[in-house]
Every structure is written in C-alpha cells, then in structure tokens.
2 protein chains.
Amino acid sequence: MEIEIWSDVACPWCYIGKRRFEAALAEFPHRDSVEVKWRSYQLDPGLPEHYEGTELDYLSTRKGLAPQQVSEMFEHVATLALGEGLEYRFDKVVVANSFTAHRLIHLAAAHGKQDAAKERLLSDHFEHGKDIGSRGYLTALGQDLGLDAPEVEELFSTDKYADDVRFDFEEARALGISGVPFFVIDRKFGLSGAQSPETFAAALDQAWQDAHPLVLVDAADGQACGPDGCAV
Amino acid sequence: MEIEIWSDVACPWCYIGKRRFEAALAEFPHRDSVEVKWRSYQLDPGLPEHYEGTELDYLSTRKGLAPQQVSEMFEHVATLALGEGLEYRFDKVVVANSFTAHRLIHLAAAHGKQDAAKERLLSDHFEHGKDIGSRGYLTALGQDLGLDAPEVEELFSTDKYADDVRFDFEEARALGISGVPFFVIDRKFGLSGAQSPETFAAALDQAWQDAHPLVLVDAADGQACGPDGCAV
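Residues numbered from 1 in each chain as written. Chains lettered and ligands numbered in written order. Predicted model: local features only at pLDDT ≥ 70, side-chain atom pairs only at ≥ 80, totals over all residues.

**Quick notes on the sheet that holds strand 3 (residues 182–185) of chain A**
Residues and elements named next belong to chain A.
Working step 1: Overall, mixed pairing links the four strands, which are arranged 2-1-3-4 in an open sheet. Each edge of the open sheet is held by one strand with a lone partner, namely strand 2 (35–40) and strand 4 (189–192). Sheet twist, expressed as the mean angle between neighbouring strand axes with direction ignored, is 20°.
Working step 2: Bridging between strand 1 (residues 2–7) and strand 3 involves four bridges; their strand directions are antiparallel. Residue pairing in the sheet places E4 in a bridge with V184 of strand 3. (Pairing = 2+ DSSP bridges. Helix = DSSP H or I, 4+ residues; strand = E, 2+ residues; numbered from the N terminus. Axes fitted to C-alpha atoms, helices over the stretch in contact; angles between N-to-C directions.)

Spelled out as structure tokens, the structure:
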C-alpha cells in the first residue's frame, strides 16, 4: 500500500497531521505493507529567502492580518500541537522559503532517509527556531542525516532535484490538491488536512479492504452472531 | 490452503459452524493441505468477569430482550445444535468474559493444540455449564491440554498473548468482519456465519481451484471436440 503525503515545511498542520497519521499507522495491522512517500508542496512560493521580522510580522504585514488575530491563531495551533507532543514556538520561527529544503528531502529520499529529513525540518522549523532556508542549516542537517557532503553541496551549486520538487507541485495540481497536508492512498483515496488518528485508521482499513477484498461466498442463510445478538 | 476462522467462545453459532465446517473439511479431497487457524473475536467485550445471573437473565436484563423471546431463541438454537450432535444447555451457561480464554487459545496454538482448546471451551461453555472466565477452570483446561502449568499461570500474572488477541480483533476490523463465525480462505474468500456443510464444501472447492489453476499449454493446433462438434 502506497501512501503519498503532500506537505510543506512551513505548515503547522503538516507536522500535527504527521503525528496523527503516525499514530494510526502504528496501530494498523498491515503497517509492514505500507510505504510512505513525502511529496513536496509550497503553500507560499513567494516567501523571501530571507526575512528579518518574525512570523507574526510576516503574516500581519504581508498578509494583512491583525496581529491580535495572528497571535490567537498561534496560540490555538500551539495548544493542539502540544496535544500531539509537539512544542511549537511561533515566537522563534524563522520565516524562510522551503524550496531548497524540499530538494534536500528528495535527496534524502534517494538514500532512504526521507522521513528523517522531513521530521527534522518540521521540528527544527516549529520547535527550534532554525532557518530552514539557510545554506548553513541545510548543510548541517545533511551531515546529521548521514548524507554525502558533496551531494548536499550540489543543492547550492546546481539545480539538482528542483525538477522533482516541481514535478510534485504539478502532480498535486493534477490531483486537485489545493492545501496541505494531503494524504493519498494508492492513488485512490484522498484525505485533506490533519485528520484524527481514528479517521486515518478508517481510511487505511477502507483502502486495505479495497485492495484486498474478500470474495464473499453466498451467505444468504449464514447464521451468525453480531454486536446486536445472534440471528435466529 | 489457510483457513482462518474468527470466532468467540460465547457464540452459539460458532460451535454449530465449527461442526458444519468440520463436516465439509472431512470430505474435502485436499484436506491434508488445509491449515485451520482460530482467530479471536469478542461479540461483547463489555461482558463482566463475573455475573451471578443466568444467560437468560443477562440477555433479558442487559440487552432488553423479553424473557419469553430469549427462551424461544434458546430452544431454536439448541434444536439446531442438536442436529450437529451438540447438547446445548442454556439453563446452565455461565455468563463470562472470554478475553482470557482467547489468550489461552493463543497459548495452546503455540503448542499445536489450538483446535483442542477451542473445542473444549465451546463444549464446556455451552454443554457443561463451566465458567470459561474463571482462573480455576482455565488452569484445569490448560492441564487437560497438556500445557505447561507455568505458562498457563502467566496468563494471570502477565499480559502475555493479550496483544495477539487484540491483533486478531484489529484484523477482523480491517477485513470488515462484524459478526462471527467468519471463515476466511487464503485471505481471499469469506464466509459469514454457520453455513451448511455443502456451502463450505463449495467454497473449499472454489478456493482450491482459484489457488491451483491449470496452466494451459499453448494449444493452437489442439484438435478437440466442443459443444459445436469436433474441430478437424
């Protein structure tokens, strides 16, 4: 079973959704048959490489939202994140464009370390105030992930993996995805947003049944017991 | 050929279904290639460990059924059970939660004695008025089955096999099973309920053919006769 998750780094619901999905997957009986692929998406491709202000400044200045409203939004999301064990620090978040980070996620995928890369980027962005757009940070992350330094270096000296990132954007558009996180199971079932673990679990069950249907042998007279008692 | 049977202990149709399935299996030409696995299911996970009343009290009080209706149901099921050689004694049935019994069935499976454990539990519950939830009964059953006493003892001092039982519940859910007995052949064919031996036999045949199709050797020149005559 293949699960593709379109997601950005600078996306508070993406990290929360990741945790909730992981909770459902951990309980899924066929979890060993599940392959998860992170696909790239950018909520705000126009984000500057460098922005001196805070996330609150950015959202209020550039997006025209009232600072008070942004603060309340941060508080609400941080509380829900905490429910998943994530310590969001919006006061420390560094506004940065995620394009190169997405290229690094693709490089990590080529070495079987995609989930680790995604996890670190989300945590470092939301919990640790790291500048996920900076060359220094991405170089250090590549090292932590055990990626080859020359391959990481190529992200800055060439366009490597840029087409893969853009291909993900195009596929998202083709699938009608206009927000993230967005979960696609076997290119057949779609879930938008940070759903509850119960909803993810139900979707996994449905997809599994769909891919492995039991051929019900005609059972018109099958006497059985169910939650409401025994048929007589 | 692998046949998994989801089933509870406190499930009158499960014992009847077991007999009918066994009748079909005994006549199945490839019976030596069949492996049967009993999988755990609980119709009523909320059943108390101990309940002082009768099964009739339980069903009428807790499930809100009219005592007269329950009596008639008992009589009907007991008559059908008798047709399979089973002497149900609903007047003697001890209401008990089957969770620990399911763990014992898993322990017995680890020693190749799963069917014997399942058979004894069903018989003792429906025919002999045993309390299949009690430590005393389960300890004695373990001894009768030739299981190691310390391993049986672990069922009461640890959580051993509890995860296996819950895994069976989860798999049932993932397969869309909402009542028992439920028979699954090679994870492909499903039969719900205590079907007739003839239906079980047909399902066994169908599954065998499905798993062992004839590979047709290319026969462009094969002269043969068909409904319209003989090719020349």
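**Structural notes on the packing of helix 1 (residues 12–27) of chain B against helix 9 (residues 197–211) of chain B**
All names here are of chain B.
Working step 1: Packing of helix 1 against helix 9 leaves a shortest axis separation of 8 Å and a crossing angle of 50°. As far as their axial angle goes, helix 9 and helix 1 are oblique. Two packed elements cross with a definite hand, and for helix 1 against helix 9 that hand is right-handed. Contacts from R20, F21, A23, A24 and E27 of helix 1 reach helix 9 at P197, F200, A201 and L204.
Working step 2: By residue class, the composition of the contact of helix 1 with helix 9 is seven nonpolar, no polar and two charged. (Parallel < 35°, antiparallel > 145°, perpendicular 65-115°, else oblique. Left-handed = near helix turned anticlockwise from the far one by under 90°. Contact = placed C-beta atoms within 7 Å. Nonpolar A, V, L, I, M, F, W, Y, C, P; charged D, E, K, R; others polar.)

**Notes on the sheet that holds strand 3 (residues 182–185) of chain B**
Working step 1: Strand order in the open sheet formed by five strands is 5(A)-4(B)-3(B)-1(B)-2(B), with mixed pairing between adjacent strands. In the strand order of this sheet, the two ends are held by strand 5 (215–216) of chain A together with strand 2 (35–40) of chain B, each with one partner.
Working step 2: Helix 8 (residues 162–175) of chain B contacts strand 1 (2–7), strand 2 and strand 3 of chain B of the sheet and is inclined by roughly 100° relative to strand 2 of chain B.
Working step 3: Sheet strands in contact with helix 9 of chain B are strand 3 and strand 4 (189–192) of chain B, and its direction is about 170° off that of strand 4 of chain B.

**What about the interface of chain A and chain B?**
Working step 1: Taken together, the contacts link 20 residues of chain A with 31 residues of chain B.
Working step 2: Elements supplying a minimum of two residues to the side of chain A that touches chain B: helix 9 (197–211), strand 5, strand 6 (225–226) and strand 7 (229–230) of chain A.
Working step 3: For the side of chain A that touches chain B, the element with the highest residue contribution is helix 9 of chain A, accounting for three residues.
Working step 4: Tallied by class, the residues present in the side of chain A that touches chain B amount to 12 nonpolar, seven polar and one charged.
Working step 5: Sheet analysis places strand 5 of chain A next to strand 4 of chain B, joined by two bridges and oriented parallel. What sits directly across from A:L216, in strand 4 of chain B, is B:G190.

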